[in-house]
Amino acid sequence: MVIDKIKKVNKQEKQEKNEKASDMMIGKWIKCDNCKQILYKEEVHNNFSVCPNCGKHFRISSRRRIKQIADEGTFEEIGAEVETQDPLNFDGYLKKIETLREKTKINEAVKCGTCEINGEKAVLAVMDSNFMMGSMGSCVGERITLAIEKSIELKLPLVIFCVSGGARMQEGIISLMQMAKTSAALAKHNKAGLLYISILTDPTTGGVTASFASLGDVILSEPNALIGFAGPRVIEQTINQKLPEGFQRSEFLLEHGFIDKIVERKDMKETLYKIIKLHKKEVK
Amino acid sequence: MAKITASERVNLARMAERPKALDYINEIFTDFMELHGDRNFGDDKSIIGGIAYLGDSSKKISDFPVTVIGEQKGKNVKENMERNFGMCNPEGYRKALRLMKQAEKFGRPIITFIDTPGAYPGMGAEERGQGEAIARNLMEMSELEVPIICVVIGEGSSGGALAIGVGDRVVMLENAVYSILSPEGFASILYKDASKAKEAAENMKITAQDLKKLNVIDKIISEPEGGAQNDLKQVASSLKEYIIKTIKELEKISKDELVQERYNKFRKMGQY
């Protein structure tokens, strides 16, 4: 009977199902790790994957994010052909990537493409924490760079949703160099007078914070996201004391002048649309 | 000479006696004048910068002005306390950027010396935007319209190294190392055991020889047996010769080409 059931679901559904599973716990119910409330999963997803009780923004897959931001049927992928590289010949790395792809049905830690946001054309890049904690190796760096270059070519605004544990260790120095590569591409984008909106989501740290995430003309963030260069554990070990509550959270960064605005997920699309519309230049 | 392992090079690169940025600056340039502060917050002593002359009378190359920047470690505990072990805060990277923009304004080539265990992971650093400071440098350096030569003289670790490392040429001393983070950090993340740093060092491709093969660096400057401290003058002299020759080459091409070629150089990294 189980086999029959599996046969019935087509490939598309299977993929969605797997990604849903990687979003949150399997099953119909989940427990909010903030307010500990038991929540009906469907209700959470219908609420932008935000806890209806306490407002906690759960981490979401790139697929779900794209669905929330891009107008239906407008997303056309850029850079899907770019593959993960293994410059260090690091033991077990490619095998781990392969297993992860099987498990999550996500092919790398970022998905980029052109799309429309309430009818406004834009280039959208969305990172995915379900894949190697959104870490940036050569594939992520290359795809982001291709997206930036596409946005220069088409003179479109650029929107990047960041979520990352930082540079991908398994690709060593090549991961570090992606910071320079993406930042240099953004310099060109900037020079072309184009708009770049960066959105920091939980968590955005390390090499991504120290490159494209921090370079937006407008930098937005979801509530209570962890944002920083060094991870909290590393800082605590260095200074030998516990960090205060709320340190390196969105609200803290807003206070210290590093982000423009905290936007709840339900308002994100509308906010992006408004900013893009205001920056739109009439084509003569 | 016996083959030196990567972890042996890590030790050489970190040796207290190993020449630091100021040693090279004093050997290679004349009339170095240090300039201080980022104009926003303070003066970070773990990174130094200033103006100087570069030239070689023996080759009839008259002195020309340059801007010099270096991450400065100490040689003993007292100096290291003062220099924060070469770990910079955001104001350090912002001072470097200020001086680089100044160099661009006055058409001076820039030479940077990289020697850091990484950007400082402290509370103040986070409050003042460590990530933003590094990101800003990467972006701005990619567009500076003057030649930039970056030299890894000791330990080049993480974004803290790259923050002054986006140049037209990136060169390394023979025993220097350049990596995404320290072998200890790498081991604790990937092997869940910081004591496996030796093993990590061998696998990370952090030596000048490995990085030349990966096209991350352009040239290796050789060191005497046992390390640069055994003959600072010789290492400084070959470095000086290389820097002068390269600046003269880079000054021949137009500003637009210079910037475009620098873009292409980093654009290719990680694309095979």
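This part is about the overall build of chain A. For chain A, the count of helices and strands is 11 helices and nine strands. In chain A, buried positions account for 49% of the 284 residues. Sequence separation of 24 or more characterises 68% of the internal contacts of chain A that already satisfy a separation of 6 or more.

Turning our eyes to something else, we now look at the overall build of chain B. Scanning chain B from N- to C-terminus turns up 12 helices and eight strands. Here chain B has a C-alpha radius of gyration of 18 Å; the compact-globule value for 272 residues is 19 Å, and the two agree. Within chain B, the fraction of its 272 residues that count as buried is 54%. Looking at chain B alone, contacts between residues at least 24 apart form 72% of all its contacts between residues at least 6 apart.

The next subject is the domain arrangement of chain A. All names here are of chain A. Domain annotation of chain A identifies domain 1 (1–58) and domain 2 (59–279). The centre of domain 1, based on its C-alpha atoms, is set 23 Å off from the matching centre of domain 2. Taken residue by residue, the interface counts 11 residues in domain 1 and 16 residues in domain 2. Residue composition of the side of domain 1 that touches domain 2, grouped by class: three nonpolar, six polar and two charged.

Averaged over all residues, the pLDDT of chain B is 96; the fraction at 70 or higher stands at 99%. ipTM for the predicted complex: 0.97, alongside a pTM of 0.94.

Turning next to the nonpolar core. Side chains that are nonpolar tend, in soluble globular proteins, to be buried together. In this structure, L124(A) and L138(B) are the most contacted members of the largest nonpolar core, which totals 151 residues. Per-element accounting of this core gives the leading share, 10 residues, to helix α7 (residues 172–191) of chain A.

The next point concerns the interface of chain A and chain B. Many analyses report the size of an interface as the accessible area lost when the parts associate. Contact residues are listed per partner, giving 39 residues for chain A and 39 residues for chain B. Mapped by element, the contributors of at least two residues to the side of chain A that touches chain B are α6 (138–153), α7, α8 (206–209) and α9 (232–239) of chain A. For the side of chain A that touches chain B, the element with the most residues is α7(A), which contributes 14 residues. Its residues assigned to classes, the side of chain A that touches chain B shows 22 nonpolar, 15 polar and two charged.

Turning next to helix α4 (residues 62–69) of chain A. The buried count for α4(A) comes to six of eight residues, which makes it a mostly enclosed element. Restricting attention to buried positions, one finds in α4(A) the residues S62(A), R63(A), R64(A), R65(A), I66(A) and I69(A).

As a further point, take the sheet that holds strand β4 (residues 110–117) of chain A. Residues and elements named next belong to chain A. Strand order in the open sheet formed by seven strands is β3-β4-β5-β6-β7-β8-β9, with mixed pairing between adjacent strands. Each of the sheet's edge strands pairs with one partner strand only, and the pair in question is β3 (76–78) and β9 (261–262). Here strand β5 (residues 120–127) pairs with strand β6 (residues 158–164) via four bridges, running parallel. Across the sheet, V126 pairs through a bridge with F161, a residue of β6.

Turning to the pairing of strand β1 (residues 30–34) of chain B, a few remarks are in order. Residue and element names in this part refer to chain B. Summarising burial for β1: zero of the five residues are buried, a small minority. Relative to strand β2 (residues 47–56), β1 runs antiparallel, the two sharing three bridges. Within β2, the residue paired with M33 across the bridge is I51.

Axis separation between α7(A) and helix α6 (residues 130–141) of chain B bottoms out at 8 Å; the angle between their running directions is 65 degrees. For the pair α7(A) and α6(B), the sense of crossing is right-handed. The segment α7(A) lies against α6(B), with M179(A), A180(A), S183(A), L186(A) and A187(A) engaging A135(B), L138(B) and M139(B). For the contact of α7(A) with α6(B), a count of residues per class yields seven nonpolar, one polar and no charged.

Further remarks concern the pairing of strand β6 (residues 169–173) of chain B. Residue and element names in this part refer to chain B. Of all five residues in β6, five are buried; the element is thus mostly enclosed. Residues R169, V171 and L173 point to one face of β6 and V170 and M172 to the other, with burial holding for every one of them. Both strand β5 (residues 148–157) and β6 contribute to a ladder of four bridges, which runs parallel. For V151, the partnering residue across the bridge sits in β6 and is V171. Bridge analysis of β6 against strand β8 (residues 219–221) gives three bridges, and the strand direction is parallel.

Between D202(A) and the following residue, P203(A), the backbone shows a cis peptide bond with an omega angle of -15 degrees. Of note, P203(A) is situated in strand β7 (residues 196–204). Even without a glycine there, the phi angle at N84(B) is positive, about 55 degrees. Within the secondary structure, N84(B) is located in the loop between α3 (77–83) and α4 (90–105). At K192(B), a position not held by glycine, the phi torsion is positive, near 55 degrees. Looking at the secondary structure, you find K192(B) in the loop between α8 (183–190) and α9 (197–203). On the basis of neighbour counts, which here come to 8 C-beta atoms within 10 Å, the residue K192(B) falls in the exposed class.

Secondary-structure assignment places S211(A) in the loop between α8 and β8 (218–221). Residue class for S211(A) comes out buried when judged on the 31 C-beta atoms lying within 10 Å of it. C-alpha separation for the pair S211(A) and M179(A), spaced 32 residues apart in sequence, amounts to 5.3 Å. Apart from residues lying up to four places away in sequence, S211(A) is in contact with M179(A), T182(A), S183(A), A135(B) and L138(B).

Further remarks concern the packing of α4(B) against α6(B). Residue and element names in this part refer to chain B. Direction vectors running N to C along α4 and α6 enclose 20 degrees, while the axes themselves pass 8 Å from each other. It follows that α4 is roughly parallel to α6 by the angle criterion. For α4 against α6, the interelement crossing comes out left-handed. Contacts between α4 and α6 involve P90, Y93, R94, A96, L97 and M100 from the first element and Q130, A133, I134, R136, N137, E140 and M141 from the second. Across the contact of α4 with α6, the residue classes tally to eight nonpolar, two polar and three charged.

What counts, and at which threshold
- Residues numbered from 1 in each chain as written.
- Chains lettered and ligands numbered in written order.
- Predicted model: local features only at pLDDT ≥ 70, side-chain atom pairs only at ≥ 80, totals over all residues.
- Helix = DSSP H or I, 4+ residues; strand = E, 2+ residues; numbered from the N terminus.
- Buried ≥ 20, exposed ≤ 12 C-beta atoms within 10 Å, placed from the backbone.
- Contact = placed C-beta atoms within 7 Å.
- Rg over C-alpha atoms; globule rule 2.2 N^0.38 Å.
- Domains from an automatic or database assignment.
- Nonpolar A, V, L, I, M, F, W, Y, C, P; charged D, E, K, R; others polar.
- pLDDT = per-residue confidence, 0-100.
- Core = buried A, V, L, I, M, F, W, Y, C linked by C-beta atoms within 7 Å.
- Pairing = 2+ DSSP bridges.
- Axes fitted to C-alpha atoms, helices over the stretch in contact; angles between N-to-C directions.
- Left-handed = near helix turned anticlockwise from the far one by under 90°.
- Parallel < 35°, antiparallel > 145°, perpendicular 65-115°, else oblique.

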